[in-house]
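Observations on the three-dimensional arrangement
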Amino acid sequence: MNEKDYKSATHAVRTGQVRTHEGENSEALFLTSSYVFANAAEAAARFSGDELGNIYSRFTNPTVRNFEQRLAAMEGGERCVATASGMAAILCTCLGLLKAGDHIVASRSIFGSTVMLLGTLLAKFGIDTSFVELTDMEAWQAAIRPNTRFLFLETPSNPLTEVADIQQLADVAHRHDCWLVVDNCFCTPALQRPLQLGADIVIHSATKYLDGQGRCIGGAVVGGQELLNDVFGIVRTAGPSMSPFNAWIFLKGLETLKIRMKAHSENALMLAQWLETQAAIDRVYYPGLASHPQHTLAMQQQSAAGGLVSFVVKGGQTAAWRLIDSTQLLSITANLGDTKTTITHPASTTHGRLTPEQREDSGISDGLVRISVGLEDYQDIQADLNNGLMMMP
Ligand SMILES: *Cc1c(COP(=O)(O)O)cnc(C)c1O
């Protein structure tokens, strides 16, 4: 059976493995910085590029390559380049595809460090970014300039779980000779495959669901051969490469990704539905709810609604903090995509650097609470929150 013909779960478990002569069943972990050549001529051929093969683990490591091939197959991309973190994946994409004088259009509802990178750091190097409302198609069109090179978004967004139409935005991008870059962190290829919907590049923070067990930092860029060659050139030369140990952890994470994402989504849907019935709660944000503004689109574009649920408690920050502090099982942390359910107050943590006006503009109210629903028994997650909600005035 040809590896190319595998279905997705088979890719997740099998693709990219090259067994050594030891015959190991699990993937080998190659902790080596460099490689030995048979002779001087082979060394010369490797360095000149005449012969493919390992040279130095900043850019050639079999365990990292195994992870890259597996994730590329799962996303349906020609090539993947692994990086030291999700932020390194975004940085290397920008450095690989852009030059001074270029312009990016990005959703306003993206990861805080990505806003800093695109909006502030890149400006130092002559690259400008315009930020638009994720779901406002006219705003995306209007923000595109002759020097715009790509559109950048996350869907569903964090923490309000707004959903953008990837196919429609890919059409807009391509009509204007731009690329579409999608950070697919929250869905992963188990729930959503942006490249199949027309996106040109997919970004991952492997730190989140790809690992799924809160152990390692890593990232990846997936897409066509030509664009990825430029991204690889940056990683190879500048050095924000993924460590082989982390690649091995992520490989093991990929093997269980599909069943984990299904279980996260099932727990999250039950929790969102229950939260919607609670008197102490004003509003619940979850794409799997019929009340979600883009519910129909989300269910066409994704195979399930994912693990992130946000809601607004009555009584602002005081009530939100009281609920968070009442929990005993849930972890109070801003991290997400873990087997452990996590709870956070976006207005005072992830979005704390915004001014109150900026927060109001972005819909991050003081009563907003975000939960990354984990894989504990659903009844225990609900009971922990119910305990706090019972104490609400
Ligand atoms: C966490 C995160 C990142 C950054 O990833 P790191 O691995 O922390 O560098 C980028 N995008 C999204 C959507 C994230 O949640």
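Residues numbered from 1 in each chain as written. Predicted model: local features only at pLDDT ≥ 70, side-chain atom pairs only at ≥ 80, totals over all residues. Heavy atoms only, no water.

Here the focus is the sheet that holds strand β10 (residues 331–332). Ordered by their spatial adjacency, five strands build an open sheet running β8-β9-β12-β11-β10, and the pairing between neighbours is mixed. Each end of this open sheet is capped by a strand with a single partner; those strands are β8 (281–285) and β10. (Pairing = 2+ DSSP bridges. Helix = DSSP H or I, 4+ residues; strand = E, 2+ residues; numbered from the N terminus.)

If you check the domain split of the chain, you get domain 1 (3–30 + 61–255) and domain 2 (259–389). If you average the C-alpha positions of domain 1 and of domain 2, the two centres end up 25 Å apart. Listed per partner, the contact involves 29 residues of domain 1 and 34 residues of domain 2. Carbon and sulfur atoms make up 56% of the surface buried where domain 1 meets domain 2, a total of about 2600 Å² over both sides. Looking only at domain 1, the three residues that lose the most surface to domain 2 are L160, L191 and Y209, adding up to 29% of its buried area. For the interface between domain 1 and domain 2, the tally reads zero salt bridges. Scanning the region where domain 1 abuts domain 2 turns up 13 residue pairs in polar contact (both at pLDDT 80 or more). Of all the elements, helix α8 (residues 188–191) adds the most residues to the side of domain 1 that touches domain 2, at three residues. In terms of residue class, the side of domain 1 that touches domain 2 is made up of 14 nonpolar, ten polar and five charged. (Domains from an automatic or database assignment. Contact = heavy atoms within 4.5 Å. Buried area = accessible area lost by both parts, 1.4 Å probe. Salt bridge = Lys/Arg side-chain N within 4 Å of Asp/Glu carboxyl O. Polar contact = N/O pair within 3.5 Å; in protein donor to acceptor, adjacent residues only side chain to side chain. Nonpolar A, V, L, I, M, F, W, Y, C, P; charged D, E, K, R; others polar.)

Within the open sheet, the seven strands sit side by side as β1-β7-β6-β5-β4-β2-β3. Their pairing is mixed. For this open sheet the edge positions go to β1 (79–83) and β3 (128–132), each flanked by a neighbour on one side alone. Adjacent strand axes in the sheet meet at a mean angle of 20°, parallel and antiparallel pairs treated alike. In this sheet, strand β4 (residues 148–154) lies alongside strand β2 (residues 103–107) in parallel orientation, the contact comprising four bridges. Opposite A106, over in β4, you have F152 as the bridge partner. With respect to the sheet, helix α5 (residues 112–121) is in contact with β2, β3 and β4, its orientation differing from that of β3 by roughly 130°. (Axes fitted to C-alpha atoms, helices over the stretch in contact; angles between N-to-C directions.)

Here we take up empty space enclosed by the protein. Over the atoms rolls a probe the size of a water molecule, and its path tells where empty space is left. Under the counting rule described, the total for this entry stands at one cavity of 30 Å³ or more. Considered as a void within the structure, the largest cavity measures approximately 70 Å³ in volume. In this structure, the largest cavity is lined by P156, S157, T161, F186, C187, Y209, P287, A305, G306, G307 and L308. Residue classes in the lining of the largest cavity are distributed as seven nonpolar, four polar and no charged. Two domains each donate at least three residues to the lining of the largest cavity, and these are domain 1 (3–30 + 61–255) and domain 2 (259–389). (1 Å grid on protein atoms, 1.4 Å probe; cavity = no way out; pocket = protein on both sides within 12 Å on 5 of 7 lines; lining within 4 Å. Points joined across faces, edges and corners; volume = space filled by probe spheres on them.)

Next up on the list: the side chain of R359. Positionally, R359 belongs in helix α14 (residues 356–361). An unpaired buried charge is present at R359: no salt bridge exists, and D366, the closest side chain of opposite charge, is 4.5 Å distant. Here H351 takes part through its backbone oxygen, which lies 3.4 Å from a polar atom of the side chain of R359. Within the structure, R359 has its side chain in polar contact with the backbone oxygen of L354 (distance 2.8 Å). If we ignore the near neighbours within four places in the chain, the residues touching R359 are A347, H351, G352, L354, I364 and D366. (Buried < 20%, exposed > 50% of the residue type's maximum accessible area, 1.4 Å probe, protein only. Lys, Arg positive; Asp, Glu negative; His and termini not counted.)

A few words on the packing of aromatic side chains. One pass over the structure, following the stated rule, counts three aromatic pairs. Between Y56 and F59 the ring centres are 6.4 Å apart and the planes differ by 65°, which places this aromatic pair in the edge-to-face class. When the centroid spacing of 5.8 Å and the interplanar angle of 45° are considered together, the rings of F67 and F250 count as tilted. One end of the pair, F67, is in helix α3 (residues 62–75); the other, F250, is in helix α10 (residues 244–255), with 183 residues separating them in the sequence. Note on accessibility: F67 and F250 belong to one class, buried. Taking NZ or CZ as reference, R79 lies 4.6 Å from the ring centre of F232, over its face. (Phe/Tyr/Trp six-rings, centres within 6.5 Å; stacked < 30°, edge-to-face > 60°. Lys NZ or Arg CZ within 6 Å of the ring centre and 35° of its normal.)

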